[in-house]
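Here are the chains, one letter per residue:
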Amino acid sequence: MEEDGEIEFSVRYPFTQTAKRVIQDQNIQLSDRVVELAVGRLKNAVQGKKPSKSTAIHKSQKIEEIGSYAAARMLTGYMRNNYVTERFAVYESKRARNYLESEKQEWVETVANEFGITSKEKESIFEIPLPVYLNYSPRSIEYRLINRKIDKGFVPVKKEERRRLIEEAVRKHVLHTPIVKNPTSSIRKAASILRSSFTKVTYGKRISLPRENPPCIQKLLESVKKHENLPHSARWFLAVYLINKGMSNESLVALFSNFPDYSPKTTKYQVEHARKRGYTVPSCSTVLTHGLCVSNCNVGTPSNWGRKRGKKK
Amino acid sequence: MNKKIKENLFSEYYKTMEIDIPSIEKREFGIGIDKKIDARHLSFKSKEDLRNYLVSTPPNFISHSTGYYQFPSITPIEKKVWMGADVVFDLDIHSETKYGVYQKLESIKEDAIRLVEDFLVSDFGISKKDIVYVFSGNRGYHIHTRNNDYLNLRSDGRREIVDYIMGSGLNYNNFFDEQEIKRGVVKLTGPTPDEGGYRGRFARETIRLLHEDPSVIARKFNDSAERDKFIEGINEGNWSRTSVKDIKNRLSVVADRLSVSCVNTDAGVTQDLSKLIRVPNTIHGDTGLVAKKVEKMDSFYPLKDAAVGWKGEKTVTFTEDVPELEFDSTYGPFKNKETKSLPASIAVFFALRRSATLSP
């Protein structure tokens, strides 16, 4: 890649080795401007804004932007706040996905290779090595291995599905931020600015959760507490379970606000919708089908937990 | 069973045991005296270290981690620095009487072979040289896959593998496509035998059943012309060449035979990244049988091939009735209070199974 190309590539995909090299080659420093941009990047992420494409035109702007990703990562590594990191990961992965939608093939390949998502292409079907597929496929029903073709260690996926795998790979990469123990004073200062900008969200009442829950629900609740991103099916299952346990819409929305891609409007709609439809708690076999079963408790349906048949020994 | 006698016997075996543990220094070990695991977070620098330990203080059970760690003996577990883990499957018989299990082991063995051949090799493309069969020492088999590509797979990816092998959520109706070619005539297209994964397996198993036990699908298939016509169609992916009504629903019997259902998910062996599994070739303290690494699975018969082969005979007095059992030859049945001189391995087996006491 030419220098200009490398810089543009790094603006779009700042998590790559290429970007790392650009940072070194161009000797990008943690200037006030770079840190300021990083704070903006994280604020956008936390506020759940849709990532927009870069508006940088001049080389100097582009370089600051590349630096801002690195600085934002330093900030998350220093702050070690799950909520911020998870949201940042979702934001950056969606940002990358935006670019990939209309990216030239060569650059898509470079990004894919970065995560070992190598593939043989045949008539716009990509053959992904199984372990790679398992690491980066989202946990939703259409990506479940049982519903896929699989041949001699390869899983064929469509072009858009491969983009989804790359998005997931980016999200996981950003999530695994190395801990930053002794940052520069500018990072420290930025962290405190960021912290104070996140208004403490208070809800009318405390969320009270049912005390006794089956292992599958318990696992999901722990994920929520850690602000992990859960697939739609998992959120639906959790919502239906909690609605059936008598939880109010407000409490549910408050609970779901812990998700890194939380949008008040969508959550409120989904929760109200689920209640209106009067869904019953799915059976254990359905839970298993969605890959959400974590134990063999033999209760038939999660709502039987601790009631009908005995608890897990 | 007398502790001293047992320790001497175990110790004697461990002097010459073949140790095959890749990267032994990166594994955590756990030993058990009363339970399967009483103490964990142990580590051994080398095979010789492990051997010395086993010879001097042989435990009833010894397990090693499927995971590799930078610091295997440090606690808590987060500080060990996980570097990856083998993908291990635990296949066992869930509920069976104390001695009934040994007859059933043959079917678990078949499942283990199917898991390896059909799933790990055919579907997942894992090379056979990276796969090790190990008899668990009592009621099942362990399959260790030591393949670099799968080392870093996280827990949810491993769970996907288990679900896939167990066929949870499998809906074979999705394999088919119905198309009305003219009024009232529907063409059913489906998988061909040469396809990978469950699709190909479904087609192959259908053909096999049609040959071997056609009436399970429909009585009409006892007629060879009807059968051959249908099979010919399947080979081309055309599943409508039959006069059997409702053929798609009738094929559910095929779908039920495709997965391996005895993978033990309860204990989370496959998906737990810090799981301990019995060290291959060590003695199982409840049977005195060796958790043997099996080279020739087809002909392996645990009660004979996993016996330690201690020399001489030992006298036992039975404390309960025991049915006839096949070791290298048939022994029993034995009655409660009966006293008998038996080959050492068999005497120890009954003593450790708590069906007899060993005379000193």
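Along every chain, residues carry numbers that run from 1 in the direction the sequence is written. Working convention: letters from A go to chains and numbers from 1 go to ligands, in the order in which they are written. In view of the model being predicted, local features appear only for residues whose pLDDT reaches at least 70, and side-chain atom pairs are presented and counted only at 80 or more, with totals across whole chains, interfaces and linings using the full set of residues.

*Asks:* Which residues make up the overall build of chain B, and what values do they have?
*Replies:* Secondary structure follows DSSP: runs of H or I at least 4 residues long count as helices, runs of E at least 2 residues long count as strands, and numbering of each begins at the N terminus. The secondary structure content of chain B amounts to 10 helices and 17 strands. Exposed residues have 12 or fewer other C-beta atoms within 10 Å of their own C-beta, buried residues have 20 or more, and residues in between are partly exposed; the C-beta atoms are placed from the backbone. In chain B, which comprises 360 residues, the proportion classed as buried is 39%. Two residues qualify as a contact pair if the distance between their C-beta atoms, derived from the backbone, is within 7 Å. In chain B, the proportion of contacts linking residues at least 24 apart, taken out of those at least 6 apart, comes to 63%.

*Asks:* Describe the confidence of the model for chain B, with residues and values.
*Replies:* Per-residue confidence from the predictor is reported as pLDDT, which spans 0 to 100. Looking at chain B as a whole, its pLDDT mean stands at 91, while 98% of the residues score no less than 70. Among the prediction metrics, the complex's ipTM stands at 0.83, with pTM recorded as 0.80.

*Asks:* So what's going on with the domain arrangement of chain A? Residues and values would help.
*Replies:* Residues and elements named next belong to chain A. Boundary definitions for the domains trace back to an automatic or database domain assignment. Considered domain by domain, chain A is made up of domain 1 (3-102 + 179-197), domain 2 (105-171) and domain 3 (215-304). Computed from C-alpha atoms alone, the centre-to-centre distance between domain 2 and domain 3 is 28 Å. The residue inventory of the side of domain 2 that touches domain 3, partitioned by class, reads two nonpolar, one polar and two charged. Note that Gly is not counted as nonpolar here; it falls among the polar residues with everything else outside the nonpolar set of Ala, Val, Leu, Ile, Met, Phe, Trp, Tyr, Cys and Pro and the charged set of Asp, Glu, Lys and Arg.

*Asks:* Go over the environment of Glu-338 of chain B, please, and point to the residues and values.
*Replies:* In this fold, Glu-338 of chain B is placed in the loop between β15 (330-331) and β16 (339-343). When the C-alpha atoms of Glu-338 of chain B and Asp-111 of chain B are compared, they prove to be 37 Å apart, with 227 residues separating the residues in sequence.

*Asks:* Run through the domain arrangement of chain B, naming residues and quoting values.
*Replies:* Residue and element names in this part refer to chain B. Taken domain by domain, chain B consists of domain 1 (3-167 + 262-305), domain 2 (172-255) and domain 3 (313-358). Each of domain 1 and domain 3 has a C-alpha centre, and these two points are 27 Å apart. Elements supplying a minimum of two residues to the side of domain 1 that touches domain 3: α1 (3-14) and α9 (302-305). Taken together, the residues of the side of domain 1 that touches domain 3 sort by class into six nonpolar, three polar and three charged.

*Asks:* Can you lay out the interface of chain B and chain A for me, pointing to particular residues and giving the numbers?
*Replies:* Put simply, an interface is often sized by how much accessible area is lost when its parts join up. The interface of chain B with chain A comprises 20 residues on the first partner and 18 residues on the second. Looking at the side of chain B that touches chain A, the elements that each hand over two or more residues are α4 (155-166) and α5 (197-212) of chain B. In terms of residues, the side of chain B that touches chain A owes the most to one element, α4 of chain B, which gives six residues.

*Asks:* Describe helix α3 (residues 32-46) of chain A, and please don't skip the residues or the numbers.
*Replies:* Residue and element names in this part refer to chain A. A helix is expected to span 1.5 Å for every residue after the first. Spanning 15 residues, α3 covers 21 Å between terminal C-alpha atoms, matching the ideal 21 Å at 1.5 Å per step. Those residues of α3 that fall on the buried side of the exposure criterion are Val-34, Val-35, Leu-37, Ala-38, Val-39, Arg-41, Leu-42, Ala-45 and Val-46. If you follow the buried residues of α3, they end up packed against α4 (59-79), α5 (82-101) and α9 (185-197). A positive backbone phi angle near 70 degrees is found at Gly-48, which sits one or two residues after α3.

*Asks:* Run through the sheet that holds strand β3 (residues 61-65) of chain B, naming residues and quoting values.
*Replies:* All names here are of chain B. Two strands qualify as a pair provided DSSP detects at least 2 bridges between them. One open sheet accounts for four strands, arranged β2-β1-β3-β11; its pairing is antiparallel. Every interior strand has two partners, whereas the edge strands, β2 (39-42) and β11 (276-278), have only one. For this sheet, the mean inter-axis angle between neighbouring strands, taken without regard to orientation, is 30 degrees. Relative to β2, strand β1 (residues 29-32) runs antiparallel, the two being bridged by two bridges. Across the sheet, residue Ile-31 finds its bridge partner in β2, namely Ala-39. Axes here mean lines fitted to C-alpha atoms, for a helix over just the part in contact, with angles spanning 0 to 180 degrees between N-to-C directions.

*Asks:* Can you explain the sheet that holds strand β12 (residues 293-294) of chain B? Please cite residues and give values.
*Replies:* Residues and elements named next belong to chain B. Ordered by their spatial adjacency, four strands build an open sheet running β6-β8-β7-β12, and the pairing between neighbours is antiparallel. Pairing within the sheet leaves two strands with one partner each, and these edge strands are β6 (87-92) and β12. Summarising the sheet, strand β7 (residues 131-135) and β12 pair through two bridges and their orientation is antiparallel. Residue Tyr-133 lies in a different strand from β12, and its bridge partner there is Val-294. In the packing of helix α3 (residues 101-123) onto the sheet, contacts are made with β6, β7 and β8 (140-145), and the angle to β8 comes to roughly 20 degrees.

*Asks:* How would you sum up unusual backbone geometry? Please name residues and give values.
*Replies:* Note the cis peptide between Thr-75 of chain B and Pro-76 of chain B, where omega equals -10 degrees. You can see Pro-76 of chain B is positioned in the loop between β4 (67-69) and β5 (82-85). In the segment running from Gly-332 of chain B into Pro-333 of chain B, the intervening peptide bond is cis, with an omega of 0 degrees. Note on placement: Pro-333 of chain B falls in the loop between β15 and β16. Of note in this structure, Asn-27 of chain A is not a glycine but carries a positive phi near 50 degrees. With respect to the helices and strands, the residue Asn-27 of chain A is situated in the loop between α2 (17-25) and α3. Judged by the 7 C-beta atoms lying within 10 Å of it, Asn-27 of chain A falls in the exposed class. Within the chain, Arg-354 of chain B stands out as a residue other than glycine whose phi angle is a positive 60 degrees. With respect to the secondary-structure elements, Arg-354 of chain B resides in the loop between α10 (344-352) and β17 (356-358).

*Asks:* Hey, could you go over the nonpolar core for me, with residue numbers and the actual values?
*Replies:* Take the buried Ala, Val, Leu, Ile, Met, Phe, Trp, Tyr and Cys residues, join any whose C-beta atoms are within 7 Å, and the set you get is a nonpolar core. With 135 residues, the main nonpolar core has Ala-38, Leu-42, Leu-75 and Ile-128 of chain A together with Leu-115 of chain B as its most contacted residues. Leave out the neighbours within four places in its chain, and Ile-128 of chain A touches Ile-117, Ser-119, Tyr-133, Phe-154, Val-155, Val-157 and Leu-165 of chain A.

*Asks:* Hey, could you go over the packing of α2 of chain A against α4 of chain A for me, with residue numbers and the actual values?
*Replies:* Residue and element names in this part refer to chain A. At a closest axis distance of 10 Å, the pairing of α2 and α4 adopts a crossing angle of 110 degrees. One element, α2, and the other, α4, form an angle in the roughly perpendicular class. Across the interface between the two elements, Ala-19, Val-22 and Ile-23 from α2 touch Ile-66, Gly-67 and Ala-70 from α4. In terms of residue class, the contact of α2 with α4 is made up of five nonpolar, one polar and no charged. Each angle gets one of four labels, with under 35 degrees taken as roughly parallel, over 145 as roughly antiparallel, 65 to 115 as roughly perpendicular, and the rest as oblique.

*Asks:* So what about the packing of helix α1 (residues 3-12) of chain A against α4 of chain A? Which residues, and what values?
*Replies:* Residues and elements named next belong to chain A. Running from N to C, α1 and α4 cross one another at 40 degrees; their axes reach a closest spacing of 9 Å. Considered as vectors, α1 and α4 are oriented oblique to each other. Judged by the twist between their axes, the crossing of α1 over α4 is left-handed. Only Lys-59, Lys-62, Ile-63, Glu-65 and Ile-66 of α4 make contact with α1, whose side of the interface consists of Ile-7, Glu-8, Ser-10 and Val-11. When its residues are assigned to classes, the contact of α1 with α4 shows four nonpolar, one polar and four charged. Working rule for handedness: look at the near helix, and if it is turned counterclockwise from the far one by less than a right angle, call the crossing left-handed; if clockwise, right-handed.

*Asks:* So what's going on with helix α12 (residues 249-256) of chain A? Residues and values would help.
*Replies:* All names here are of chain A. Along α12, the residues classified as buried are Leu-252, Leu-255 and Phe-256. Buried residues along α12 cover an arc of 95 degrees about the axis, so they all sit on one side. Looking at the buried positions of α12, the neighbouring elements they touch are α10 (215-225), α11 (232-244) and α13 (264-277). The reported arc concerns the directions from the helix axis to the C-beta atoms and nothing else.

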